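Structural overview
Residues per chain, in single letters:
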Amino acid sequence: MKKLLAGLVAVVTLSVVILIAQAQRHVVTSHSVVINAPVKEVWDFLSDNRHAKGWSVIFDHIRPLESSPVAEGQIGALRRCFRNDNEEGFFWDERTLTAEPYKRRTLRTYNVSNTSWELFERFQFTAYQLYEDLGNGTTRLTFEGDLDDHTKYSVFEHFVFWVSQFEGERVFRLNLENIKAMIEQKDAFERPHPWEPKSPFDA
């Protein structure tokens, strides 16, 4: 019996060590979709905040902040992503870090507020939009997400982020499929994935 118990303890301990070690790997949340549209059309589509209401399954809409020092789309632009139409509850802010037309846009997600988990609100993320011209009027669009600076987070916070990446990848996939449908179908757009009325991060 003692040997069995010792064996179970060893297995559990080893499992925890493996999970923690895995969480320390620099793993970027990422998902891609191929869109039947030129890269310029895809870039211009995502440069217009008004389209967000049609493709995001998590937030209802995006609004440029009045405190933004520059216009939307420019480096340094500030905007807020609202979970709900009435702008109550969960929201986060974004700052445009880089903008290389038809190639890459980088955003810093910060000021995560009014969630169900205070720990999550301490995170800041870097979000990437990657555009690849595949020729013949097609584009590969990739969404990626990462912690803004891995060195400033604890082992436990790294573990939490690693676990949450699975949800992040799911959201990326649904959002990208919605974007693909909106661009390709245009006025005949039928949304594949609706806005989700429940989120694990709702307060």
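Reference entry: report on the structure contained in this document. (Residues numbered from 1 in each chain as written. Predicted model: local features only at pLDDT ≥ 70, side-chain atom pairs only at ≥ 80, totals over all residues. Heavy atoms only, no water.)

1. Digging into empty space enclosed by the protein
With the rule as written, the count across this model stands at 3 cavities of 30 Å³ or more. Take the lining of the largest cavity: its biggest share by element is 8 residues, from helix H4 (residues 155–185). The residue inventory of the lining of the largest cavity, partitioned by class, reads 19 nonpolar, 13 polar and 6 charged. Taken as a whole, the second largest cavity encloses approximately 50 Å³ of empty space. Lining the second largest cavity, in full, are Leu46, Ser47, Asn49, Glu72, Gly73, Arg79, Thr96, Arg105 and Leu107. (1 Å grid on protein atoms, 1.4 Å probe; cavity = no way out; pocket = protein on both sides within 12 Å on 5 of 7 lines; lining within 4 Å. Points joined across faces, edges and corners; volume = space filled by probe spheres on them. Helix = DSSP H or I, 4+ residues; strand = E, 2+ residues; numbered from the N terminus. Nonpolar A, V, L, I, M, F, W, Y, C, P; charged D, E, K, R; others polar.)

2. Section: unusual backbone geometry
Although it is not a glycine, Glu87 sits at a positive phi angle of roughly 65°. Here Glu87 shows up in the loop between strand E3 (78–82) and strand E4 (91–100). Glu87 sits in the partly exposed class, given a relative accessible area of 32%. Within the chain, Lys186 stands out as a residue other than glycine whose phi angle is a positive 50°. Within the element layout of this structure, Lys186 appears in the segment after H4. Given the relative accessible area of 49%, Lys186 is considered partly exposed. (Buried < 20%, exposed > 50% of the residue type's maximum accessible area, 1.4 Å probe, protein only.)

3. Structural notes on the side chain of Thr126
Residue placement: Thr126 occurs in strand E6 (residues 125–135). A polar side-chain atom of Thr126 sits 3.3 Å from a polar atom in the side chain of Arg108. With residues near it in sequence (within four places) discarded, Thr126 still touches Thr106, Leu107, Arg108, Glu144, Gly145, Asp146, Leu147 and Asp148. (Polar contact = N/O pair within 3.5 Å; in protein donor to acceptor, adjacent residues only side chain to side chain. Contact = heavy atoms within 4.5 Å.)

4. Some points on the sheet that holds E6
The strand order across the open sheet built from 7 strands is E1-E7-E6-E5-E4-E3-E2, with neighbouring strands paired in antiparallel fashion. The open sheet terminates on both sides in strands that have one partner only, identified here as strand E1 (29–35) and strand E2 (61–64). Looking at each pair of strands side by side, their axes are set apart by 25° on average, direction ignored. One ladder, built from 10 bridges, connects E6 with strand E7 (residues 138–147); its direction is antiparallel. Across the sheet, Asp133 pairs through a bridge with Thr139, a residue of E7. The strands that helix H2 (residues 39–46) touches are E1, E4, strand E5 (104–113), E6 and E7; relative to E6, the one it contacts most, it runs at about 155°. (Pairing = 2+ DSSP bridges. Axes fitted to C-alpha atoms, helices over the stretch in contact; angles between N-to-C directions.)

5. Examining the environment of Lys180
Of note, Lys180 is situated in helix H4. For Lys180, a relative accessible area of 23% corresponds to the partly exposed category. Taking the C-alpha atoms as reference points, Lys180 and Pro192, 12 residues apart in sequence, are found 9.7 Å from one another.

6. Comments concerning the nonpolar core
Grouped together as the largest cluster of nonpolar side chains are 37 residues, with contacts concentrated most on Ile35, Leu46, Trp55, Phe123, Leu141, Phe143 and Ile179. Taken together, the elements giving at least two residues each to this core come down to E1, H2, helix H3 (52–55), E6, E7 and H4. Of all the elements, H4 adds the most residues to this core, at 9 residues. In contact with Trp55, not counting residues within four places along its chain, are Phe45, Leu46, Phe143, Asn175, Asn178, Ile179, Met182 and Arg191. (Core = buried A, V, L, I, M, F, W, Y, C linked by side-chain atoms within 4.5 Å.)

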